[in-house]
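Summary of the model geometry
Each chain is listed here by its residues.
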Amino acid sequence: MSAIPSLHDAFDGARPALPNSLLEDLPLPALRILTCGSVDDGKSTLIGRLLWDATDLADDVRASLVGGGNADGTAVPDFSRLLDGLVAEREQGITIDVAWRYFDTPTRRIVVIDSPGHEQYTRNMASGASHADVAILLVDARHGVKTQTRRHAAILDLMGVKRVILAVNKMDLVGYRESVFREIERQFQPLTRHFGFLEHTAIPLAAVTGENVTRGSAAMPWYGGPTLIECLEAAPGRAADQSAPLRFPVQRVLRDGRDLRGLGGTVAAGEVSVGDSVVDVASGREARVARIVTFDGDLKTARTGQAVVIALDRDLDIARGNVLASPMRAPVSAIEIEARLVWLSDDPFDPRGGYLLRTTTDIATISRLEITAELDLATFASQPASTASSNDIVSASIVLGRAVACEPFTEAPVTGSFLVVDAITGTTVAAGTVAEASAKSRRSGTAGRGPEFRLDRSVLARGLCRDIDDTFEGRAEFARRVEEVALLLKAAGIDAVRDGN
Amino acid sequence: MTRPLTHLDLLEAESIHIFREAAAQFAKPVLLYSIGKDSTVLLHLARKAFYPERPPFPLLHVDTTWKFRDMITFRDAAARDLGLPLIVHTNQDGVARGISPIEHAPSVYTDVMKTAALKQALDLHGFDAAFGGARRDEEASRAKERVFSFRSPGHRWDPRRQRPEVWSLLNGRLDAGETARIFPLSNWTERDVWRYILRERLDIVPLYFAAERPTIRRDGQLIVVDDDRMTLRPGEQIEHRMVRFRTLGCWPLTAAMESTAATIDDVVRETLSSRTSERQGRLIDHDQSGAMERKKQEGYF
């Protein structure tokens, strides 16, 4: 009988080498991974094994997985306990939407986004997926691609996950047979074709033994592809594509008290350099970038992901909510949107409710929100629908109270995504992706379905807004109040018509 | 060609984005400044976020009257150097009742001198959002915390009613009576905080560096005696040891560690090669199981 490995051996065999200097930054951007699959597929075990073998898991955490519960006297850690705290909370009836765990390999931060995978948790998985760079789609080798796998693939696609790893787990339970793996790979092909995932890899593995997780497998010599960890370490993180057209949503105007009127924001896509022409989507006017200002000094170029302050060579009257874009390919200043929504709220869609549309830095009244179809996640078929409740994925037509910069989600996720917000409680009721954005209302006479009220600027200026002066900030506050009034009217069933805008 | 953006570059940018969003969406924000390393990073990021302007909010320190003297000195200097208004709030009712970390259980002390004090201060000034330096890697109930975390009237945290956060869209619209906690360091780990302090050459409280300090050993932990309010138990005696702190809080509740790391490089190296997790030095978290979750529900940060 072989000796039982001690806890100490288990540590030293597993721990990867730390970087030469603990003081150094990690060279690669973090990788956010989402694991999809139910507990039965071995999700906890797979993640546990990955973290145990490849990351810097603390000793007190390691000890807690080995100690105690191993009645058979072996020192094989119970990996599933790593994510156990969450299971316990679930049993207490607390819905955990997304839990975040952080681990380091020698080269990069691995962020594990843990979200429940059951059918009734579609909204939670969708929230989790929206943050993921890579999804690990787990299937049990004994059962192959199931309805749940299809549902998960559909949610990943909807939320914009482009890289998917199909982890065919429990290969040890099917005798490591290549034919089993190839058949599952074949079942998965229609899904990748349907969704057009940018990258997809299938890996045969056994989470319990660690085969093809962090090391190769002698039992599967027929597999020549990468292990799971190799796949993850090679995956590009966020903000990899600098060649995308510029998207710079303005968060705030920042001044230095002299001549600088800077636009604070994050470069959400593409890059921008001093001298570049940019267009303000709302007005369609162009200017050149005069300076890119940061606390640490001016930059010549700001790249995707960087938070900076941009100064233009002339004043375009730009404020929070505006988007600067590449003039070659810019978003639309849209008044009507065709969209996909994931309904997140416990309260179902209320046709008479007051809703707002929040984009990355803008918020506008929704004049009309109409649910048109519901997506069946198992068959990918749409059927007509007019309501939406928690966990539903629906198509919707949205008419806005005023124009908002946006574009199809497939063009640019940051300007193609939005939240639907309950105007009264402020809560987020749905997450949306833009399918089509149009600058003009295509439906004539959409107003007139009910009572209508004209918000006259001169009346407002004499009354509600009489404390506001005619400065830039004043005009912004004026517009904000008009929107709030329109909202209240809308909630009372009255369509507000704004003049002069 | 400029160097590629590193992990810390992207974390910094994300935090700046969060600061700017919160400042734009809330009417009267405040930064909860607790003087430790995380607050130091938080404050530095706030400066970067609003440059060339000053951060558009004051600092709030909830003073339990049991902070290390070095912390108070550091706090006052930090606020003065940045030219930011500093509000110091103490629960006077708790002081009058003589609530202390020595006489009372950590849970009672925390409830009165920290949680109740924080709620008083936020209500008194009408702040609708408070920035804090909490990180998701600190503790299990923090792991599911949002970047914008909402509190119902009375500042209660209900984990079941938190708003989903999708993509990088942050929704700060409040319901009547609601307030928010904002966590710009959500995605940072202890390791990131230390490396960032090193990279940005930030000043931190001297207690993080090893020095000879008067200590006693109590319940298996090393406690630094910061003033004359602690009564020694039979058998206890004050001994001078080379110690430093990995986290800072109220001195009777914060365990020191023996160390000779006296430079920032040594401190970071020693901390980051440690193979145990950070909160072991915080006595209040061990008071009862699920302690943090309970404290948060009652309004603790």
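Note that the structure is predicted; figures quoted are calculated from it, not measured.

1. Quick notes on the packing of aromatic side chains
Any pair of aromatic rings gets described here by the distance separating the centres and the angle formed by the planes. Residues and elements named next belong to chain A. Inspection of every chain in the model, using the stated rule, returns 19 aromatic pairs over all chains. An angle of 75° between the planes, with centres 5.0 Å apart, marks the rings of phenylalanine 195 and phenylalanine 380 as edge-to-face. Separated by 185 residues along the polypeptide, phenylalanine 195 in helix H7 (residues 178-195) and phenylalanine 380 in the loop between strand E17 (363-375) and strand E18 (382-384) bring together distant segments of the chain. Accessibility expressed as a relative area gives 10% for phenylalanine 195, which makes it buried. Residues tryptophan 343 and tyrosine 355 carry aromatic rings whose centres are separated by 6.3 Å and whose planes lie at 85° to one another, so their mutual orientation is edge-to-face.

2. Comments concerning the pairing of strand E7 (residues 247-255) of chain A
Residues and elements named next belong to chain A. Counting buried positions over the nine residues of E7 gives eight, a clear majority of the element. Of the strand pairs in this sheet, E7 and strand E8 (residues 261-266) are connected by five bridges, and their pairing is antiparallel. Each residue of the ladder has a partner; that of valine 250, found in E8, is glycine 265. Once E7 ends, the chain turns through five residues before running back antiparallel as E8, passing glycine 257 with a positive phi of about 85°.

3. Focus on the side chain of Ser326(A)
All names here are of chain A. In this structure, serine 326 sits in the loop between strand E14 (323-325) and strand E15 (332-343). Its relative accessible area of 15% is what places serine 326 among the buried residues. Excluding residues that lie within four positions of it along the chain, serine 326 makes contacts with Pro245, Leu246, Arg247 and Val279.

4. Focus: the environment of Asp276(A)
Residues and elements named next belong to chain A. By the secondary structure assignment, aspartate 276 is in the loop between strand E9 (272-273) and strand E10 (277-280). Residues aspartate 276 and alanine 287, spaced eleven residues apart in sequence, show a C-alpha to C-alpha distance of 8.3 Å. Ignoring anything within four residues of it in the chain, the contact list for aspartate 276 reads Glu271, Ala287, Arg288 and Val289. Reaching out from aspartate 276, the side chain makes a polar contact with the backbone nitrogen of serine 273 at a distance of 2.8 Å.

5. Considering helix H6 (residues 190-200) of chain B
All names here are of chain B. Here H6 lies mainly inside the structure; ten of its eleven residues are buried. Turning to H6, its buried residues number three or more, namely Glu190, Arg191, Asp192, Val193, Trp194, Arg195, Tyr196, Ile197, Leu198 and Glu200. Positive phi shows up at arginine 201, right after H6, with a value of about 50°.

6. A short note on the nonpolar core
In this structure, Phe19(B), Leu31(B), Val41(B), Phe148(B), Ile182(B) and Trp188(B) are the most contacted members of the largest nonpolar core, which totals 79 residues. Per-element tally for this core: the top contributor is helix H1 (residues 7-25) of chain B, with eight residues. Not counting the four nearest positions on each side in its chain, Phe19(B) is found in contact with Leu31(B), Leu42(B), Leu45(B), Ala46(B), Ala49(B), Phe50(B), Phe57(B), Phe131(B) and Pro184(B). In this structure, Leu156(A), Val164(A), Leu419(A) and Leu169(B) belong to the second largest nonpolar core, which totals 55 residues.

7. Brief notes about the sheet that holds strand E4 (residues 134-140) of chain A
All names here are of chain A. One open sheet holds the six strands; their spatial order is E2-E3-E1-E4-E5-E6, and the pairing between them is mixed. At either margin of the open sheet sits one strand with a lone partner, and together these are strand E2 (99-104) and strand E6 (199-204). When strand polarity is set aside, the average angle formed by the axes of neighbouring strands in this sheet is 25°. For strand E1 (residues 31-36) and strand E3 (residues 109-114), the ladder comprises four bridges, and the chain directions are parallel. Bridging from a neighbouring strand, arginine 32 pairs with valine 111 of E3.

8. Regarding the packing of helix H5 (residues 122-130) of chain A against helix H6 (residues 147-159) of chain A
Residues and elements named next belong to chain A. For the pair H5 and H6, the least separation of the axes is 9 Å and the interaxial angle reads 45°. Viewed along their axes, H5 and H6 adopt a mutual orientation that is oblique. As H5 runs across H6, the sense of the crossing is right-handed. Side by side, H5 and H6 meet where Thr122, Met125, Ala126, Ala129 and Ser130 of the first sit next to Arg151, His152, Ile155, Leu156 and Met159 of the second. In the contact of H5 with H6, the residues fall into six nonpolar, three polar and one charged.

Cut-off values and rules
Residues numbered from 1 in each chain as written. Chains lettered and ligands numbered in written order. Predicted model: local features only at pLDDT ≥ 70, side-chain atom pairs only at ≥ 80, totals over all residues. Heavy atoms only, no water. Phe/Tyr/Trp six-rings, centres within 6.5 Å; stacked < 30°, edge-to-face > 60°. Helix = DSSP H or I, 4+ residues; strand = E, 2+ residues; numbered from the N terminus. Buried < 20%, exposed > 50% of the residue type's maximum accessible area, 1.4 Å probe, protein only. Pairing = 2+ DSSP bridges. Contact = heavy atoms within 4.5 Å. Polar contact = N/O pair within 3.5 Å; in protein donor to acceptor, adjacent residues only side chain to side chain. Core = buried A, V, L, I, M, F, W, Y, C linked by side-chain atoms within 4.5 Å. Axes fitted to C-alpha atoms, helices over the stretch in contact; angles between N-to-C directions. Parallel < 35°, antiparallel > 145°, perpendicular 65-115°, else oblique. Left-handed = near helix turned anticlockwise from the far one by under 90°. Nonpolar A, V, L, I, M, F, W, Y, C, P; charged D, E, K, R; others polar.

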